[in-house]
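Examination of the molecular architecture
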Amino acid sequence: MRILDRIESLLENVIEGKNRKGHPQIQPVQIGKKLAKTMEANRRVSIAKTYVPNIYVIRLHPSQLQGLESLQQTLITELKGFLLEKAEEKNLSFIGRLELSFAASPDLEPGSVDITAAFLEAGPLSTAEYSALEQGSSGTERTQVFTLQEVGRGQPVLVIQGKEPQSAYRISSGRQSIGRSLKCDLVIDDPSASRIHAWLEPIDGKWRLIDNNSTNGTFVNEQRIDERVLDDGDQIRIGTIIMVFQAGDR
């Protein structure tokens, strides 16, 4: 039996009971599809992997959440299995242990489902992080890594070496972070990279690379640097990852 079919069976009696009270029906497939959609919408592309959030809060109207109270843990187990299955199908990676929970949201219409997601590498959610989740803010942005064909002509990029198909990080406006942390703009999937390893910042129509006191150093053309204004064609190495800077038309 498919996972969503098992969930359907588990909820059938509870849902029917609620429907007799005039509440719109919540279909298990509705929750499952919304989870999968939220997971994919918040994916972050690193040098070697595509990561997705591992913390999900499923928000329902309080009256319908109350009706699910006796089945919440079983339902969570089934939904975790469904999400893990979807992630495996699409070659997506969780940054840490997958966690799902339910929360009441009085402002939701009965029958509606709202899901918020976040990345959590280790340790419990802080009060502020959990509050942001409850209010519907994921706190995540996508790292802009594309195939070279997808990158617009004339844009400054870091072309990532040794990856097929060949990919590039599209440099946007403003200061940008590079490192191992999923909070960085460009995620470096390499254990020798520091969590926030370096910064890219605009200066007089060019781009400056600044080492962030990293443990293993930042290299431009195989010279360790503290900071360097980049020229077109400069080769940058962070850990074992090599990138070539292309200035584009500025």
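Owing to the predicted nature of the structure, the values given are computational and were not obtained by experimental measurement.

Summing up its helical and strand segments, the protein chain has 5 helices and 18 strands in all. When burial is assessed residue by residue, the protein chain has 46% of its 250 residues classed as buried. At a minimum sequence separation of 6, the contacts of the protein chain that also span at least 24 residues come to 57%. Per element, the accessible surface of the protein chain, about 13,000 Å² overall, is 45% carbon and sulfur.

Now for the confidence of the model for the protein chain. In this model, the protein chain carries an average pLDDT of 78, and 73% of its residues clear a pLDDT of 70 or more. Helix H5 (residues 127-134) is the least confidently modelled element of the protein chain, averaging 49 in pLDDT, while strand S14 (residues 218-220) averages 96, the highest of any element. Note on residues 13-20: pLDDT is under 50 here. Beyond four places in sequence and across chains, it has 11 contacts. Confidence drops under a pLDDT of 50 for residues 136-142, and excluding neighbours within four residues, the segment shows 14 contacts in the predicted structure.

Following the sequence through the fold, Gly179 ends up in strand S10 (residues 176-179). Here Gly179 falls in the buried class, since its relative accessible area comes to 0%. Excluding its chain neighbours within four sequence positions, the residues that come into contact with Gly179 are Cys184, Leu186, Val187, Ile188, Ser194, Arg195, Ile196 and His197.

The strand order across the open sheet formed by 3 strands is S5-S3-S6, and the pairing between neighbours is mixed. Every interior strand has two partners, whereas the edge strands, strand S5 (99-104) and strand S6 (114-118), have only one. Averaged over neighbouring strand pairs, the angle between their axes works out to 20° when direction is ignored. Two strands pair when backbone bridges link them, and strand S3 (residues 55-60) and S6 are joined in this way by 5 bridges, in the antiparallel orientation. Along S6, the bridge assignment pairs Ile55 with Ala118. Strands S3 and S5 of the sheet are contacted by helix H4 (residues 72-89), whose axis makes an angle of about 130° with S5.

Attention shifts here to the side chain of Ser194. For Ser194, the position within the fold is in the loop between strand S11 (186-187) and strand S12 (198-203). By relative accessible area, which is 14% here, Ser194 ends up buried. Within the structure, the side chain of Ser194 is placed 3.2 Å from the backbone nitrogen of Thr215, a separation counted as a polar contact. In this structure Ser194 touches Gly179, Arg180, Ser214 and Thr215, once residues within four positions along its chain are discounted.

Following the criterion strictly, the structure yields 0 aromatic pairs and no others. Directly above the ring of Trp199 sits Arg175, whose terminal nitrogen or CZ lies 4.2 Å from the centroid.

A separate point is the sheet that holds strand S1 (residues 44-45). Taken together, the 3 strands give an open sheet; going across it, the order is S1-S2-S4, and neighbouring strands pair in mixed fashion. Each of the sheet's edge strands pairs with one partner strand only, and the pair in question is S1 and strand S4 (93-94). Where strand S2 (residues 50-52) lies against S4, 2 bridges are found, and the strand directions are parallel. Bridging across to S4, Tyr51 finds its partner in Ser93.

End to end, H4 covers 26 Å across 18 residues, agreeing with the expected 26 Å (1.5 Å per residue, within 8%). Those residues of H4 not exposed but buried are Gln72, Leu75, Ile76, Glu78, Leu79, Lys80, Phe82, Leu83 and Ala87.

Enumeration according to the criterion identifies 9 salt bridges in this entry. The residue Asp107 makes a salt bridge to Arg59 at a minimum N-O spacing of 4.0 Å. In this pair, Asp107 is assigned in the loop between S5 and S6 and Arg59 in strand S3, connecting sequence segments 48 residues apart. In this structure Asp107 comes out as exposed when scored by relative accessible area, which is 64%. The partner of Asp114 in a salt bridge is Arg59, with the nearest N and O atoms 2.2 Å apart. Of this pair, Asp114 sits in strand S6 while Arg59 sits in strand S3, placing them 55 residues apart in sequence. Taking the relative accessible area as the measure of exposure, Asp114 reaches 22% and is therefore partly exposed. Its relative accessible area of 10% is what places Arg59 among the buried residues. Residues joined by salt bridges that share partners form a network here, namely Arg175, Glu201, Arg208 and Glu227.

Basis of the calculations
Chains are numbered independently. Their residues run from 1 in the order of the written sequence. Totals for whole chains, interfaces and linings use every residue, but because this is a predicted model, local features are given only for residues with pLDDT of at least 70 and side-chain atom pairs only at 80 or more, for both listing and counting. Just so you know, side-chain values use all the structure's heavy atoms and leave hydrogens and water out. Per the convention used, a helix needs a DSSP run of H or I reaching at least four residues, while a strand needs a run of E reaching at least two, with both numbered from the N terminus. Each residue gets one of three labels from its accessible area relative to the maximum for its type: buried under 20%, exposed over 50%, partly exposed in between, using a 1.4 Å probe on protein chains only. In this description, contact between two residues means that some pair of their heavy atoms is separated by no more than 4.5 Å. In this description, accessible areas are obtained by the Shrake-Rupley approach with a 1.4 Å probe, and a residue is regarded as covered only by the protein chains that are shown. Per-residue confidence from the predictor is reported as pLDDT, a score between 0 and 100. The pairing criterion for strands is at least two bridges between them, as found by DSSP. Each axis is a line fitted through C-alpha atoms, taken for helices only over the stretch in contact, and angles between the N-to-C directions span 0 to 180 degrees. Definition of a polar contact: a pair of N or O atoms within 3.5 Å, with one able to donate and the other able to accept a hydrogen when the atoms are protein atoms, and with sequence-neighbouring residues admitted only if both atoms are side-chain atoms. Between rings of Phe, Tyr and Trp, where Trp is taken as its six-membered ring, a pair exists when centres lie within 6.5 Å; planes separated by under 30 degrees are stacked, by over 60 edge-to-face, and by other angles tilted. Charge over a ring is defined by NZ of Lys or CZ of Arg lying within 6 Å of the ring centre and within 35 degrees of the ring normal. Multiplying one less than the number of residues by 1.5 Å gives the expected span of a helix. Just to be clear on terms, a salt bridge is a Lys or Arg side-chain nitrogen sitting within 4 Å of an Asp or Glu carboxyl oxygen.

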